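# What the coordinates show
The residues making up each chain are set out below.
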Amino acid sequence: MILNLCRVLAYKQSGLILSKKEGGHWGINNVSVKYYNLIMQALDEYLFDRSTNWDGNCTREYAAYMIDQIKK
């Protein structure tokens, strides 16, 4: 979800069609710095198949923030 929301926002804002990896890298550079660690954590899990403990409050806040950005 974290990387896919980056992909959707990249498409909405820039017309880019990106992979999950590319979307994550785009998000690191274009999404609020507040979510940098969350996006890095998602990239790490996706790229290196590592299990991660997610902060439910942070992920919900991120999802709400991203959805709001996508709707603009």
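Figured I'd write up the structure that's included with this text. Note that the coordinates shown come from a computational prediction; the quantities given were computed from them, not determined experimentally.

### Considerations on helix H3 (residues 36-48)
Over its 13 residues, H3 extends 18 Å from the first C-alpha to the last, a length consistent with the 18 Å expected when each residue adds 1.5 Å. Here the buried face of H3 lies against helix H1 (2-14), helix H2 (20-30) and helix H4 (56-71). Of the residues one or two after H3, Asp49 is the one with positive phi, at around 50°.

### Section: the nonpolar core
Counting 18 residues, the largest nonpolar core has Val31, Ile39, Tyr62 and Met66 as the members making the most contacts within it. Counting residues per element, the ones that place at least two in this core are H1, H3 and H4. The biggest single contributor to this core is H1, with six residues. Once residues lying within four places of it in the same chain are set aside, the contact partners of Tyr62 are Ile2, Leu5, Cys6, Val31, Tyr35, Leu38 and Ile39.

### A short note on the packing of H2 against H3
For the pair H2 and H3, the least separation of the axes is 9 Å and the interaxial angle reads 160°. By the angle between their directions, the pair H2 and H3 is classed as roughly antiparallel. As for the relative orientation of H2 and H3, their crossing is left-handed in sense. Taken together, the residues of H3 that come into contact with H2 (itself represented by Lys20, Lys21, Gly24, His25, Gly27 and Ile28) are Tyr36, Ile39, Met40, Leu43, Tyr46 and Leu47. Residue composition of the contact of H2 with H3, by class: seven nonpolar, three polar and two charged.

Here is what the cut-offs are and how they apply
- Residues numbered from 1 in each chain as written.
- Predicted model: local features only at pLDDT ≥ 70, side-chain atom pairs only at ≥ 80, totals over all residues.
- Heavy atoms only, no water.
- Helix = DSSP H or I, 4+ residues; strand = E, 2+ residues; numbered from the N terminus.
- Expected span 1.5 Å × (residues − 1).
- Contact = heavy atoms within 4.5 Å.
- Core = buried A, V, L, I, M, F, W, Y, C linked by side-chain atoms within 4.5 Å.
- Buried < 20%, exposed > 50% of the residue type's maximum accessible area, 1.4 Å probe, protein only.
- Axes fitted to C-alpha atoms, helices over the stretch in contact; angles between N-to-C directions.
- Parallel < 35°, antiparallel > 145°, perpendicular 65-115°, else oblique.
- Left-handed = near helix turned anticlockwise from the far one by under 90°.
- Nonpolar A, V, L, I, M, F, W, Y, C, P; charged D, E, K, R; others polar.

Geometric values such as these leave the question of function open.
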